[in-house]
Amino acid sequence: MFRLARARACAPVKTASISRSFLRLNSSFGIPETQKGVIFYENGGELHYKDIAVPKPKANEILVNVKYSGVCHTDLHAWKGDWPLPVKLPLVGGHEGAGIVVAKGENVQNFEIGDYAGIKWLNGSCMSCELCEQGYESNCLKADLSGYTHDGSFQQYATADAVQAAQIPKGTDLAQIAPILCAGVTVYKALKTADLKPGQWVAISGAAGGLGSLAVQYAKAMGLRVLGIDGGEGKEELFKKCGGEVFIDFTKTKDMVSAIQEATNGGPHGVINVSVSEAAISMSTEYVRPTGVVVLVGLPANAYVKSEVFSHVIKSLSIKGSYVGNRADTREATDFFTRGLVKSPIKIIGLSELPEAYELMEKGKILGRLVVDTSK
Ligand code: NAD
Ligand code: ZN
C-alpha cells in the first residue's frame, strides 16, 4: 500500500519558453529544469520519488528552494483522499515547507531573492470576499491549498503565492521552523479561539503528535495549565519534555472522563482536539468543565462530534471549529518560535522516506513531527 516507486531519472524536459514573470531570476542560484519530488497520480496510489519538472513562478508567485518540509497528518488525508474535498491529481503534497526564495514573479514586492520563505497550507484566497476582507482568508470559498489544490513542499522547488507565503527571519533553523508553518500556526490559532485565561486548565487531546506537541508549548507560553491525552511508547516522556503537567494515557486509563476531571479539579476549561479520533472528540464534551469550550481541529474522515443535549445546555458548553490561521496568526506564531518559547520536536528523514513516514503516522507511532530533508 505504501510502496515506494523509485523511478529512473526522467528524460530531459524540453526547455520551456521563459515567461516574463520568470525573468527576475537570480542566475547565481542556478535553478535546474528538473528536481526530486514525491508525486502520486491517484488517491492511495504509489508514492513516486522521482525527477519532476521545476515549476515556474507566475507573476504573483515566488519560487522557493525548499530545504525542509514537515509531514502533517493532513498530507496523509490528502494522499488517501478521505475528506469531502477533492485533491488535484497528480499531486505533490506538503505544506510545511521552509526554504530560500530563488526566483519571483514580476508583481512580487514583499520578497527578495535570497530571503527565507515558508510554504503554508493556505497558498492563496480571493482577497475580495467578505471573509478575506475580515482576515478569515482560510475560510474563503476560493482558498487554494498547498499540497492539496496546488503542488506543495515535498519537492526541492515549489511555487507559492507571495502574499500568503510566510516571512522567515534570516538565520532561522529551517528544519525547526518547518512544523510551525502549519502545526504551530494551527494550534496557536486554536488556543486563541479557546480564549482561556492564564492559570486555567487546557486539555490537549493528541498531545504527543505533530500539532499536539506544539500546542502543549504554546499553551504553556500563554500561562495555561496543560493536561495531555495520548497513548503509546514515548508519548508521556515527550509531553513532559514539552512542559506538560498531567498526562493521561488513553490506552491504559479505564474511566477517562473521571481521570481527567479529577486531575483538573472539575474538568479542563478548554479542550483542543488534535487527535484523529472521532470517539476522543465526542468524549471531550463530557469531561470539559461547565461553561468550557471544546475546540475542533483534528479532521478524522466522516466524523461527527456528539454532545448529549441535556448536559450541553446545563453545562452551557461551546463547541468551536478552528482552521489553520491567517497571516497575522502566522506572524505571531512565528514570533513565539523565534523568541525560543516553542521548539519543534522533530526527527529529520529523507524525502525519499515519505511513504514509510505515512505508514508510521497511520499507526500513531510518530513522536512529535517528522521533517523531510529534500536533498535526500
Ligand atoms: P499526528 O498523527 O502527528 O498526531 C495525532 C496524535 O493523536 C498522535 O500522537 C496519536 O497517538 C494521537 N491519538 C490517536 N488516538 C487518540 C485518542 N483516542 N486520544 C488522544 N490522542 C489520540 O497528526 P497531526 O499532524 O498532529 O494532525 C492531527 C489532525 O489535525 C489531522 O486530522 C490533521 O489533518 C488535522 N489538522 C487540522 C488543521 C486545522 O486547521 N484544523 C491543521 C492541521 C492539521
Ligand atoms: Zn498541516
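Residues numbered from 1 in each chain as written. Chains lettered and ligands numbered in written order. Predicted model: local features only at pLDDT ≥ 70, side-chain atom pairs only at ≥ 80, totals over all residues. Heavy atoms only, no water.

Asker: So, the UniProt feature "domain: Enoyl reductase (ER)" (unreviewed entry) in the protein: which residues are in play, and what are the values?
Answerer: The UniProt record annotates "domain: Enoyl reductase (ER)" (unreviewed entry) at residues 44–372. Span residues 44–372 is 28% helix and 24% strand, its end C-alpha atoms 20 Å apart. (UniProt positions renumbered as here; feature names shortened; annotations may be inferred. Helix = DSSP H or I, 4+ residues; strand = E, 2+ residues; numbered from the N terminus.)

Asker: Tell me about the site of ligand 1, and name the residues and values.
Answerer: For ligand 1, the set of nearby residues contains 30 residues, the closest of which are His73, Thr74, Asp230, Val324 and Arg369. At 3.0 Å, a backbone N or O of Ser322 approaches a nitrogen atom of ligand 1. Protein coverage of the free-state accessible area of ligand 1, which is 870 Å², stands at 91%. Mapped onto the shell around ligand 1, the elements with two or more residues apiece are α1 (73–80), α5 (210–221) and β12 (225–230). Of the residues forming the shell around ligand 1, the biggest block, three residues, is contributed by α1. Along the lines of polarity and charge, the residues of the shell around ligand 1 split into 15 nonpolar, twelve polar and three charged. (Near = heavy atom within 4 Å. Polar contact = N/O pair within 3.5 Å; in protein donor to acceptor, adjacent residues only side chain to side chain. Areas by Shrake-Rupley, 256 points an atom, 1.4 Å probe, with all protein chains shown as cover. Nonpolar A, V, L, I, M, F, W, Y, C, P; charged D, E, K, R; others polar.)

Asker: Explain the pattern of salt bridges to me, using residue names and the numbers behind them.
Answerer: The final tally for this structure, using the stated rule, is 17 salt bridges. When the shortest N-O distance is used, the salt bridge between Asp51 and Lys36 registers 2.6 Å. Placement of Asp51 in strand β3 (residues 47–53) and of Lys36 in strand β2 (residues 34–39) is noted, with a sequence separation of 15 residues between them. For Asp51, a relative accessible area of 14% puts it in the buried group. Residues Asp82 and Lys80 are paired through a salt bridge, measuring 3.9 Å at the closest nitrogen-oxygen approach. Salt bridges sharing partners connect three or more residues here, namely Lys189, Lys192, Asp329 and Glu332. (Salt bridge = Lys/Arg side-chain N within 4 Å of Asp/Glu carboxyl O. Buried < 20%, exposed > 50% of the residue type's maximum accessible area, 1.4 Å probe, protein only.)

Asker: So, unusual backbone geometry: which residues are in play, and what are the values?
Answerer: Geometrically, the link from Leu89 to Pro90 is a cis peptide bond, its omega value of -5° lying close to zero. Note that Pro90 resides in the loop between α1 and β5 (97–104). If you check the backbone angles, Val324 has positive phi at about 30° while not being a glycine. On the secondary structure map, Val324 appears in the loop between β16 (318–321) and α10 (327–338). Classification of Val324 by relative accessible area gives buried; the value is 9%.

Asker: Break down the pairing of β5 for me, citing the residues and quoting the values.
Answerer: The two faces of a sheet get side chains in turn, since along a regular strand they alternate between them. Buried residues dominate β5, accounting for eight of its eight residues. Pairing geometry for strand β4 (residues 61–70) and β5, over seven bridges, is antiparallel. If you follow Ile62 over to β5, its bridge partner there is Lys104. Strand direction decides the pairing type here: β5 and strand β6 (residues 116–119), joined by four bridges, are antiparallel. Paired with Ala98 across the bridge in β6 is Gly118. (Pairing = 2+ DSSP bridges.)

Asker: Can you break down the packing of helix α4 (residues 183–194) against α5 residue by residue, with the values?
Answerer: It is the contact of α4 with α5, at a shortest axis distance of 8 Å, that shows an interaxial angle of 50°. With respect to α5, the element α4 is oriented oblique. Once α4 is placed against α5, the crossing between them reads as right-handed. Note on element contacts: α5 touches α4 through Gly210, Leu211, Leu214, Ala215, Tyr218 and Ala219, opposite Ala183, Gly184, Thr186, Val187, Tyr188 and Leu191. Of the residues assigned to the contact of α4 with α5, the class counts are nine nonpolar, three polar and no charged. (Axes fitted to C-alpha atoms, helices over the stretch in contact; angles between N-to-C directions. Parallel < 35°, antiparallel > 145°, perpendicular 65-115°, else oblique. Left-handed = near helix turned anticlockwise from the far one by under 90°. Contact = heavy atoms within 4.5 Å.)

Asker: Could you give an account of the coordination of the zinc ion (ligand 2), naming the residues involved and the relevant values?
Answerer: When a metal carries six donors in an octahedron, the ideal angles between them are 90 or 180 degrees, while four donors in a tetrahedron ideally lie at 109.5 degrees. Taken together, Cys72 (SG), His95 (NE2) and Cys182 (SG) make up the full set of protein donors to the zinc ion (ligand 2), lying 2.0 to 2.3 Å away. In primary-sequence terms, the residues that donate to the zinc ion (ligand 2) follow C-x22-H-x86-C. Here the residue Cys72 occupies a position in the loop between β4 and α1, and Cys182 occupies one in the loop between α3 (174–177) and α4, the gap between them amounting to 110 residues. On the basis of relative accessibility, which here comes to 3%, the residue Cys72 falls in the buried class. Its relative accessible area of 5% is what places Cys182 among the buried residues. (Donors = N, O, S within 2.8 Å, 3.2 Å for Na, K, Ca; no water.)

Asker: I'd like a rundown of the state of the cysteines, residues and numbers included.
Answerer: The full count for this structure, using the stated rule, is zero disulfides. Of all cysteine sulfurs, the one in Cys126 lies closest to Cys129, which takes part in no disulfide; the gap is 3.7 Å. Of all cysteine sulfurs in the structure, the one in Cys72 sits closest to Cys242, which takes part in no disulfide; the separation is 16 Å. The class for Cys242 is buried, based on a relative accessible area of 12%. (Disulfide = S-S within 2.5 Å.)

Asker: Go over a nonpolar patch on the surface with me, naming the residues and quoting the values.
Answerer: Together, Val309, Phe310, Val313 and Ile314 make up a nonpolar patch on the protein surface, roughly 450 Å² of accessible area in all. By the secondary structure assignment, Val309 is in helix α9 (residues 309–314). (Patch = residues over 30% accessible without salt bridge, like charges linked within 9 Å, V, L, I, M, F, W, Y side chains within 5 Å.)

Asker: Before we move on, can you summarise the sheet that holds β16 with the specific residues and values?
Answerer: Pairing between the strands of a sheet is mediated by backbone hydrogen bonds and can be parallel or antiparallel. Pairing is parallel in the open sheet, where six strands are placed in the order β13-β12-β11-β14-β15-β16. Strand pairing shows two members of the sheet lacking a second neighbour, β13 (246–249) and β16, which therefore form its edges. Sheet twist, expressed as the average angle between the axes of neighbouring strands with direction ignored, equals 20°. Sheet topology places strand β11 (residues 201–205) next to β12; five bridges connect them, and they run parallel. By the bridge assignment, Ala203 is partnered in β12 with Leu227. Taken strand by strand, helix α7 (residues 256–263) contacts β11, β12 and β13, and its axis lies near 175° from that of β13.

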